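# Examining the three-dimensional arrangement
Each chain is listed here by its residues.
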Amino acid sequence: MEKLKVLLWTVLHLPEYRYKYWLTRKIRNEINILNSWDTVNYILEQKKSVCRFGDGELQMISHFLKKKKNENFDVDTFQSYNEELSRRLLEVFQSKKENVLICLPYQFKKASVSTLKTRLFWEREWLGRKDELLKIGFPDEIGDTNFTRFYLNRLDIPDYPKYINKLKQIWKNKKITIVEGEYSRLGVGNDFFDTAIDIKRIICPAVNAFDKYNDILNAVQNYVEKDRLVLIALGHTATVLAFDLSQLGFQSLDIGHVDIEYEWYKLNAKEKVAIPNKYVNEVSSGRIDSDLEDEQYHKQIIYRFI
């Protein structure tokens with residue numbers, strides 16, 4: 001029944017949003033957003049840090065700009081509204097630092113890279129955010145936020161193995177430190193990070209990680225050498241953390257959802273599904289809080305927030 005409701009809503013509203021989105025084609029064509037392939041190539045060539053802004057981060061910035069209260073931010077997510085986090089997200093977005101690539105959804109420029117329902121989502125998201133984005137200003141050069149979300153609902157990546165191999169080159173022959181939520185467990189049970197020569201982990205709170213932000217930042221500074229690539233999967237907090245670490249001499253990438261997309265690819269999934277032993281916030285049955293018995297995983301942990 002729920003799927004039928006979604007289908008009916010899509011059919012009813014698609015013409016309206018598609019037309020309104022089409023009317024903004026001139027503005028969209030002027031925005032310099034790289035697609036997913038070009039974003040990965042850019043990271044490989046330029047060795048920049050990456051800060052990703054998706055619908056959640058943009059929603060929080062919008063809430064902040066409109067000076068709304070915490071209790072008015074009714075979103076089912078792993079990060080509650082935080083005014084300081086919102087202020088920092090806006091600061092990062094407007095930062096214009098040479099060693100940082102700011103990312104937005106490529107679908108803001110060309111939504112047709114997504115399947116029907118997802119395309120409609122991004123067309124509507126663009127229409128709701130464009131005025132604020134135009135007001136605060138776009139970065140001169142922008143990567144694709146969804147370079148980490150390469151599998152489900154994409155029409156522009158026909159060769160998944162080739163794209164995955166390109167992604168893996170980012171950490172090939174590198175020492176990496178993964179900063180992640182308590183139950184995220186990136187790369188556990190698969191070969192996604194096997195091209196790295198060493199893996200360490202800092203385990204952070206699964207929800208509302210920004211409440212521990214200063215402690216997390218200090219932990220990276222105290223326990224991670226600057227020759228290590230820092231990969232962060234920590235929701236909205238990852239965007240800010242990647243930026244701050246970049247200014248401290250680390251190359252740091254916000255790569256949220258990338259491991260889950262790889263798991264869905266391996267399963268040949270047709271929709272978002274729970275993954276055993278991993279936190280999947282977008283699936284109600286995937287919001288786990290169970291321990292994991294994996295000796296190698298536990299040996300990789302150098303600091304844990306418990």
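So, here is what we can say about the structure in this document. Along each chain, numbering runs from 1 in the same order as the chain's sequence is written. Side-chain atom pairs in this predicted model are given and counted only at pLDDT of 80 or more, local residue features only at pLDDT of at least 70, and totals for whole chains, interfaces and linings cover all residues. Only hydrogens and water are set aside when side-chain values are computed; all heavy atoms of the structure are taken into account.

## Things to note about the overall build of the chain
Keep this limit in mind: Each helix corresponds to a stretch of at least 4 residues labelled H or I by DSSP, and each strand to a stretch of at least 2 residues labelled E; elements are numbered beginning at the N terminus. Remark: exposure states derive from per-residue accessible area (1.4 Å probe, protein chains only) relative to the maximum for the residue type, with buried under 20%, exposed over 50%, and partly exposed in between. Every residue pair with non-hydrogen atoms within 4.5 Å of one another is taken to be in contact. Computed by Shrake-Rupley with a 1.4 Å probe, the accessible areas treat only the displayed protein chains as cover when residues are assessed. Just so you know, the count uses Lys and Arg for positive and Asp and Glu for negative, and it drops His and the chain ends. One atom stands in for each charge, and that atom is NZ of Lys, CZ of Arg, CG of Asp or CD of Glu.
Of regular secondary structure, the chain possesses 11 helices and 8 strands. Buried residues in the chain amount to 55% of all 306 residues. Restricting the contact set of the chain to residue pairs at least 6 apart, pairs at least 24 apart contribute 72%. Summed over its atoms, the accessible surface of the chain is roughly 14,900 Å², and 48% of this surface lies on carbon and sulfur atoms. If the 47 positive side-chain charges of the chain are averaged to one point and the 44 negative ones to another, these points end up 5 Å apart.

## Examining the side chain of glutamine 107
Inspection of the secondary structure assignment puts glutamine 107 in the loop between β2 (100–104) and α6 (116–136). On the accessibility criterion, glutamine 107 (2% relative accessible area) is buried. The contacts of glutamine 107, once residues within four sequence positions are left out, are Tyr21, Val113, Ser114, Trp122, Asp144, Asn146 and Arg154.

## Some details on the pattern of salt bridges
In a structure, side chains of opposite charge can pair up when their charged atoms sit close to one another. Test applied: By salt bridge we mean one thing: a side-chain nitrogen of Lys or Arg within 4 Å of a carboxyl oxygen of Asp or Glu.
Under the definition given, this model contains 21 salt bridges. Close ionic contact of glutamate 91 with arginine 88 constitutes a salt bridge, the shortest N to O distance being 3.4 Å. On the criterion of helical spacing, the pair formed by glutamate 91 and arginine 88 is a turn pair, its members being 3 residues apart in helix α5 (residues 83–93). A residue is classified by how much of its surface remains accessible, and arginine 88, at 10% relative accessible area, is buried. Between lysine 272 and glutamate 282 there is a salt bridge, with the nearest N and O atoms lying 3.2 Å from each other. Taken together, the residues span a long stretch of sequence, with lysine 272 in the loop between α10 (258–267) and α11 (295–300) and glutamate 282 in the loop between α10 and α11 at a distance of 10 residues. The exposure class assigned to lysine 272 is partly exposed, which follows from its relative accessible area of 36%.

## Here we look at the pairing of β2
Note the cut-off: DSSP-based pairing: two strands are paired if at least 2 bridges between them are found.
Within β2, 5 of the 5 residues are buried, which leaves the element mostly enclosed by the surrounding structure. Two strands pair when backbone bridges link them, and strand β1 (residues 49–52) and β2 are joined in this way by 4 bridges, in the parallel orientation. Bridge assignment links valine 50 to a residue of β2, and that residue is leucine 101. The sheet contact formed by β2 and strand β3 (residues 142–144) spans 3 bridges and is parallel. Of the residues in β3, the one forming a bridge with isoleucine 102 is isoleucine 142.

## Let's talk about empty space enclosed by the protein
So the rule is basically this: Any residue with an atom within 4 Å of a point lines the site, the site being either a cavity, points on a 1 Å grid over the protein atoms alone where a 1.4 Å probe fits but cannot get out, or a pocket, an open set with protein on both sides within 12 Å along at least 5 of 7 lines. Grid points are joined across faces, edges and corners, and a volume is the space filled by probe spheres set on the points.
Enumeration over the complete set of coordinates arrives at 2 cavities of 30 Å³ or more. Along the walls of the largest cavity sit Leu58, Ile61, Leu65, Arg129, Glu132, Leu133 and Ile136, which together make up its complete lining. Within the residue set of the lining of the largest cavity, elements represented by two or more residues are α4 (55–65) and α6. With 4 residues, α6 is the largest single contributor of residues to the lining of the largest cavity.

## A word on the environment of leucine 241
Topologically, leucine 241 is positioned in helix α9 (residues 236–246). Overall, leucine 241 belongs to the buried group, its relative accessible area being 0%. Distance from leucine 241 to aspartate 156, taken between C-alpha atoms, is 30 Å for residues 85 residues apart in sequence. Sequence-distant contacts of leucine 241, that is, excluding residues within four places in its chain, are made with Val179, Tyr213, Ile216, Leu217 and Ile232.

## Points about a nonpolar patch on the surface
Selection criterion: For patch building, the residue pool is restricted to those with more than 30% relative accessible area and no salt bridge; the joining distance is 9 Å between like charges and 5 Å between nonpolar side chains (Val, Leu, Ile, Met, Phe, Trp, Tyr).
The grouping of Tyr19, Trp22 and Leu23 at the surface amounts to a nonpolar patch, some 350 Å² of accessible area in total. Within the element layout of this structure, tryptophan 22 appears in helix α1 (residues 2–23). Note on tryptophan 22: relative accessible area 44%, which makes it partly exposed.

## Considering the packing of aromatic side chains
Centre-to-centre distance and the angle between the planes together describe a pair of aromatic rings. The line we're drawing: Stacked, tilted and edge-to-face pairs are distinguished by plane angle, under 30 degrees for stacked and over 60 for edge-to-face with tilted covering the rest, among Phe, Tyr and Trp rings (Trp via its six-membered ring) whose centres lie within 6.5 Å. In this scheme, Lys NZ or Arg CZ marks a charge over a ring once it lies within 6 Å of the ring centre and within 35 degrees of the ring normal.
This model, assessed by the stated rule, comprises 19 aromatic pairs. Among the aromatic residues, ring-to-ring pairing joins Tyr151, Tyr160, Trp171, Phe192, Phe193, Tyr262 and Tyr265 into one connected group. For arginine 28, the ring lying beneath its charged end belongs to tyrosine 21, and the centroid distance is 3.8 Å.

## Regarding the side chain of lysine 48
This is how it is decided: What qualifies as a polar contact is a pair of N or O atoms within 3.5 Å, subject to a donor-acceptor requirement within protein and to the restriction that residues adjacent in sequence count only when both atoms come from side chains.
Inspection of the secondary structure assignment puts lysine 48 in the loop between α3 (36–46) and β1. No salt bridge is formed by the buried lysine 48; its nearest oppositely charged neighbour, glutamate 141, is found at 4.4 Å. A distance of 3.0 Å separates a polar side-chain atom of lysine 48 from the backbone oxygen of glutamate 98. Once residues lying within four places of it in the same chain are set aside, the contact partners of lysine 48 are Tyr42, Ile43, Glu98, Asn99, Val100, Leu101, Glu141, Gln251 and Leu253.

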